Amino acid sequence: MRIALFGKPFQLKHNDAVKHLVDRIIAIDSTALFYGEFRTFLEQSMYLPESLGTFSDSHELKGCDIIFSVGGDGTFLECVTLASILGVPIMGINTGTLGFLSNVGTDSIDQAMDSIVNGTTWIDERALFKIEAEGMDFGNFPYALNEVSIHKNDTASMVVVEVYRNEKLVNTYWADGLLVSTATGSTAYSLSAGGPIISPSSDVAVITPLAPHNLTNRPLVVPLEGEITLSPDGRDASYLLSLDSRSYHISPKCKVRVKPAPFKVRFVNLEHQNFFHTLRSKMHWGIDPREH
C-alpha cells in the first residue's frame, strides 16, 4: 500500500497521537510520502527515517492509495487541492476543532489504521465546483469543495449580485455578499448564513445571500447540473471572490461561472461513519442540554 501524509502544525497536546499515526504509517509503508513543510515540522519533535519520501505537488502523489490529512477542515480543504484531481482517497485526522471533513479523532487512529489494513473502510464521493471568471487565472486548481463566495471589499456599502442559472435570471441580490455552496459545503459557511443542511450525496447547489437587504430573499436550492453565473456590482472598485479558503480580487460586473467539476473528491470513512452520525456527534443532536 502506498501512503501519503499531509498536515499543518498542531498543538502540543496532539504530539503523541500524531507520532503514533506516523509510526503506524511507516509500519505499513516505509517509503511513505510526507508533505515537505509538514515533514520539517514533525522532525522538530520526532525521528523520521531517511527511507521516507517527500512531496510538494499533486503530480507526485500518482500511484498513492490513500493520503492522510492531519489538521482541521481547513487543512483538509488544502489536501483536496493536491489529491482530488488524481482521485487519491483522503482520510482526515482531526487535530482542529469541529471536524466535519476531518472526521476521525486522534483517539481513533488505531481503529482507522486497522480498518484500512483490513479493507473495512468505505469511500464517499463528493461533488466539487469548477469556477471560471473573466480575466482570472486560478492556477492548477480552479475548483471548490465547499463554496464559492463574493464579498464586498472596501466599503460598508452592499454588493449587488446578479445571479443567472443556465442564462435565466434567478434574482438580483442586494446583500453583504452571496455564496453558492455544494451539498458538502451546506454544513460550512452556508449553514452559518442560514442555509439548509443537505445530505452530501444530493446533487444540488445552494444559493445563499449574506445579510440580504430584502429579508424575503432566502437560501435557494437548485440542481447541481448546469451553470450558475454571478456578476457583482456596486460602489466598490473591486470585490473579493473566494473558492473555499482561497481569495481573489475581481472587478465590478465580472462574470463568474460556476458548474460541476469533471471529477469528485474521495473521502475515506470508517465502517460506522456516515453523514448522520457526523451530524449527531458534531452538532450534539439527541443530547438533552438539561443533563449538563
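Notes on the structure follow. (Residues numbered from 1 in each chain as written. Predicted model: local features only at pLDDT ≥ 70, side-chain atom pairs only at ≥ 80, totals over all residues. Heavy atoms only, no water.)

**Digging into the overall build of the protein chain**
Going by this rule: Think of it this way: any DSSP run of H or I at least four residues long counts as a helix, any run of E at least two long counts as a strand, and we number them from the N terminus. The size measure is the radius of gyration over C-alpha atoms, and the globule rule it meets is 2.2 Å times the number of residues to the 0.38 power. Burial classification: accessible surface area is computed with a 1.4 Å probe over protein chains only, and a residue below 20% of its type maximum counts as buried, one above 50% as exposed, and the rest as partly exposed. Working definition of accessibility: Shrake-Rupley area with a 1.4 Å probe, residue cover restricted to the visible protein chains. Neither His nor the chain ends is counted toward charge; the positive residues are Lys and Arg and the negative residues Asp and Glu. Positions of charges follow a simple convention, taking NZ of Lys, CZ of Arg, CG of Asp or CD of Glu.
Secondary structure assignment for the protein chain yields 6 helices and 18 strands. The C-alpha atoms of the protein chain give a radius of gyration of 20 Å, which matches the 19 Å a tight globule of 292 residues would have. With respect to the principal axes defined by its C-alpha atoms, the protein chain has extents near 55 × 50 × 35 Å. A burial count over the protein chain gives 50% of its 292 residues as buried. Accessible surface, the protein chain as shown: approximately 13,700 Å² in total, 50% of it carbon and sulfur. Treating the 24 positive side-chain charges of the protein chain as one cloud and the 33 negative ones as another, the clouds have centres 5 Å apart.

**Regarding the state of the cysteines**
Threshold: Only a pair of cysteine sulfur atoms within 2.5 Å counts as a disulfide in this structure description.
Across all of its chains, the model carries 0 disulfides by this definition. The thiol sulfur of C64 is not disulfide-bonded, and the nearest other cysteine sulfur, from C79, lies at 10 Å. Judged by its relative accessible area of 0%, C79 falls in the buried class.

**A short note on the sheet that holds strand 17 (residues 246-250)**
In plain terms, the rule: In short, DSSP must find at least two bridges between two strands for them to pair. An axis is simply a line fitted to the C-alpha atoms; with a helix, the fit covers only the stretch in contact. Between two such axes, the angle follows the N-to-C directions and lies from 0 to 180 degrees.
Strand order across the open sheet formed by 6 strands is 14-13-12-9-16-17, with antiparallel pairing between neighbours. Edge positions in the open sheet fall to strand 14 (220-223) and strand 17, since each of these has one partner strand only. Adjacent strand axes in the sheet meet at a mean angle of 20° when their direction is disregarded.

**With respect to helix 1 (residues 15-28)**
One turn of an α-helix holds 3.6 residues; hence residues three or four places apart share an orientation. The test is simple: Helix span is expected to be 1.5 Å times the residue number reduced by one. Working rule for contacts: check all heavy atoms of both residues, and any pair within 4.5 Å makes them a contact.
Taking 1.5 Å per residue, 14 residues should reach 20 Å; helix 1 reaches 20 Å between its end C-alpha atoms and fits that length. Where helix 1 is concerned, the buried positions are N15, A17, V18, L21, V22, R24, I25 and I26. Residues of helix 1 that are buried sit in contact with strand 1 (3-7), strand 2 (33-35), helix 2 (36-42), strand 4 (66-71), strand 5 (90-94) and helix 4 (109-118).

**Quick notes on the pattern of salt bridges**
Quick reminder of the rule: For this analysis, a salt bridge means a side-chain nitrogen from Lys or Arg found within 4 Å of a carboxyl oxygen belonging to Asp or Glu.
Scanning the model with the defined rule gives 11 salt bridges in all. The residue D114 makes a salt bridge to R24 at a minimum N-O spacing of 2.8 Å. In this pair, D114 sits in helix 4 while R24 sits in helix 1, placing the two residues 90 residues apart along the sequence. Residue classification places D114 among the partly exposed residues on the basis of a relative accessible area of 37%. Measuring nitrogen to oxygen at the nearest pair gives 3.7 Å for the salt bridge that ties K259 to E132. Taken together, the residues K259 in strand 18 (residues 256-269) and E132 in strand 7 (residues 122-133) connect sequence positions 127 residues apart. On the basis of relative accessibility, which here comes to 26%, the residue K259 falls in the partly exposed class. Given the relative accessible area of 33%, E132 is considered partly exposed.

**Overview of the packing of aromatic side chains**
The following threshold applies: The criterion for an aromatic pair is that two Phe, Tyr or Trp rings (for Trp, the six-membered ring) have centres within 6.5 Å, with stacked assigned to planes under 30 degrees apart, edge-to-face to planes over 60 apart and tilted to the rest.
Counted according to the given criterion, the structure contains 10 aromatic pairs. With 5.1 Å between their ring centres and 85° between their planes, F10 and F41 make a pair best called edge-to-face. Linking F10 in the loop between strand 1 and helix 1 with F41 in helix 2, this pair joins segments that are 31 residues apart in sequence. Taking the relative accessible area as the measure of exposure, F10 reaches 12% and is therefore buried. Ring centres 4.9 Å apart and planes at 75° place the aromatic pair F138 and Y248 in the edge-to-face group. Separated by 110 residues along the polypeptide, F138 in the loop between strand 7 and strand 8 (143-144) and Y248 in strand 17 bring together distant segments of the chain. By relative accessible area, which is 18% here, Y248 ends up buried. Each member of the aromatic cluster is reached from another via a ring pair, and the members are F6, Y35 and F55.

**Overview of the nonpolar core**
Defined as follows: To qualify as a nonpolar core, a set must consist of buried Ala, Val, Leu, Ile, Met, Phe, Trp, Tyr and Cys residues joined through side-chain atoms within 4.5 Å.
Membership of the largest hydrophobic core comes to 54 residues, with the highest contact counts inside it found for L5, L42, I67, F68 and M91. Residues in contact with L42, not counting those within four places in the same chain, are L5, F10, V18, V22, F34 and L48. If you look at the next biggest cluster of nonpolar residues, it comprises 28 residues, including V159, V180, I228 and L241.

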